[in-house]
Amino acid sequence: MSASILDLLQQRAVLLDGAMGTELMRAGLGQGECPDAWNVDKPEAVKDIQRRYYEAGSDAVVTNTFGANPIKLAAYGLAQRCREINLAGARLAKEARPEGRFVGGDMGPTGKFLKPMGEYVESEFEEAFLAQAAALDEAGVDFLIIETMYDLREALCAVKACRKASPLPVFISLTFNRTPRGFFTLMGDSPSKGLKALEREGASAVGANCTLDSEAMVELVKIMRPETNLPLIAQPNAGQPDVLGKKEMTYSQGSEEFVRHMLRIIDCGAQVVGGCCGTDAATIRRLAEAIK
Ligand SMILES: [Zn+2]
């Protein structure tokens, strides 16, 4: 049994989980409802999703705290409950975790922009991430994982805050769009610039998640791999959402196709793999079997 997820990474590729957001919607999360508040209000629904991922073969599952920083929570009037929601989130994931597996404390973007595009300055973002990271560290997660960052400047605030709040390993993935000129974040950061800056800031693993399907992510992984010596993260979506009717959201890549390209992603050097939007426990089970 590995003492740290970094020890496990020395031995083999680490399998993360699939989506939380789309799974919560499937479990009944309503439009405009705060997903992170379910840690307190519907804990069993959250824990069920996490238990299914562990059963499917995930080495690590992340907490349902993607939006649980004070700035994002303020949109729901919940900013003052940041610590409570993160502590509850970590407790649920730890309760679902079988022996020898890991819990990642999940952190996502604030949803706001830095000046000049937005109203915020970096110290305000850093303060918000510090509050969240401190709560996740206090709750005893095994590592911190920052995901779906579309602005390198914001991502650097988050890594800085994590390094201040905790001695735990910090994983971070940016989200890239594919353009005719190559892959870029929403704010125009290239993979090379992004990964190098995050490595300098003290991240333990770096990479990409969301937005792209697993086929497009193969191309991105080929570009990212030579840019860093750190373990590389790849968590693509299962294609693009097809909106069928009103309620059910399906994704365009079937799990067989998703997994086929994931194996190419691992061949190209990604060591921390999993799924983002549209993936579920069945996808992760299939991926776990294919990796073996
Ligand atoms: Zn996603």
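Quick caveat, the model's predicted, so the values are computed rather than measured. Position numbers for residues count from 1 along each chain, tracking the sequence in the order it is written. This being a predicted model, a pLDDT of at least 70 is required before a residue's local features are given, and a value of 80 or more before pairs of side-chain atoms are given or counted; all residues contribute to the totals for chains, interfaces and linings. Values shown for side chains rest on all heavy atoms present in the structure; no hydrogens or waters enter the calculation.

Undergrad: What should I look at first to understand helix H7 (residues 122-138) in this one?
TA: The periodicity of an α-helix, 3.6 residues per turn, causes residues three or four positions apart to be oriented the same way. Runs of H or I in DSSP of at least four residues are treated as helices and runs of E of at least two as strands, each being numbered from the N terminus. Take the number of residues in a helix, subtract one, and multiply by 1.5 Å to get its expected span. Over its 17 residues, H7 extends 24 Å from the first C-alpha to the last, a length consistent with the 24 Å expected when each residue adds 1.5 Å. Residue burial is assigned from relative accessible area. The probe radius is 1.4 Å, only protein chains are included, and a residue is buried under 20% of its type maximum, exposed over 50%, and partly exposed in between. Those residues of H7 not exposed but buried are Phe125, Glu126, Ala128, Phe129, Gln132, Ala133, Ala135 and Leu136. In this structure, the buried residues of H7 make contact with helix H5 (70-74), helix H6 (82-96), strand S3 (102-107), strand S4 (143-149) and helix H8 (152-165). Note on H7: the residue one or two positions beyond its end, Gly140, has a positive phi of about 85°. When checking whether two residues touch, look at their non-hydrogen atoms; a contact exists if any pair is within 4.5 Å.

Undergrad: Would you take a moment to explain the packing of aromatic side chains for this structure?
TA: Any pair of aromatic rings gets described here by the distance separating the centres and the angle formed by the planes. Only Phe, Tyr and Trp rings are paired, with Trp represented by its six-membered ring, and only when their centres lie within 6.5 Å; those with planes under 30 degrees apart are stacked, over 60 edge-to-face, the remainder tilted. In this structure the tally under the stated criterion is four aromatic pairs. Taking the centre distance of 5.5 Å and the plane angle of 35° together, the rings of Tyr120 and Phe125 count as tilted. With a relative accessible area of 23%, Tyr120 lands in the partly exposed category. Taking the relative accessible area as the measure of exposure, Phe125 reaches 0% and is therefore buried. Members of the aromatic cluster, joined through ring pairs, are Tyr120, Phe125 and Phe129. The ring of Phe184 carries Arg181 above its face, with NZ or CZ at 4.7 Å from the centroid. Counted as over-ring charges are cases with an Arg CZ or a Lys NZ within 6 Å of the ring centre that also lie within 35 degrees of the ring normal.

Undergrad: Got a minute to help me understand the nonpolar core in this structure?
TA: Within soluble globular proteins, side chains that are nonpolar generally end up buried alongside one another. Grouping buried Ala, Val, Leu, Ile, Met, Phe, Trp, Tyr and Cys residues that are joined through side-chain atoms within 4.5 Å yields what is termed a nonpolar core. Counting residues in each nonpolar core, the largest one holds 73 residues, and the members touching the most others are Ile146, Ile172, Leu198 and Ile265. Per-element tally for this core: the top contributor is H8, with eight residues. The contact partners of Ile265, leaving out residues within four places of it in the chain, are Ser214, Met217, Val218, Val221, Ala234, Pro236, Ala270 and Val273. Judged by nonpolar contacts, the second largest core, of 14 residues, contains Leu9, Val14, Leu16 and Ile233.

Undergrad: How should the pattern of salt bridges be read in this particular structure?
TA: When the charged atoms of two side chains lie near each other, side chains of opposite charge can form a pair. Any carboxyl oxygen of Asp or Glu that lies within 4 Å of a side-chain nitrogen of Lys or Arg is treated as forming a salt bridge with it. Across all of its chains, the model carries 17 salt bridges by this definition. Here Arg26 and Glu23 are joined by a salt bridge, their closest N and O atoms 3.4 Å apart. Here Arg26 and its partner Glu23 are both found in helix H2 (residues 21-26), three residues apart, which amounts to about one turn of the helix. Residue class for Glu23 comes out buried when judged on its relative accessible area of 6%. Salt-bridge contacts for Arg286 lead to Glu256; the nearest nitrogen and oxygen are separated by 3.9 Å.

Undergrad: Would you take a moment to explain the sheet that holds strand S9 (residues 232-237) for this structure?
TA: The eight strands lie next to each other as S1-S12-S9-S8-S5-S4-S3-S2, forming an open sheet whose pairing is parallel. Unpaired on one side and paired on the other, strand S1 (14-15) and strand S2 (60-62) mark the two borders of the sheet. Relative to S4, S3 runs parallel, the two sharing four bridges. Counted as the bridge partner of Gly105 is Leu144 from S4. Think of it this way: DSSP has to see at least two bridges between two strands before they count as a pair.

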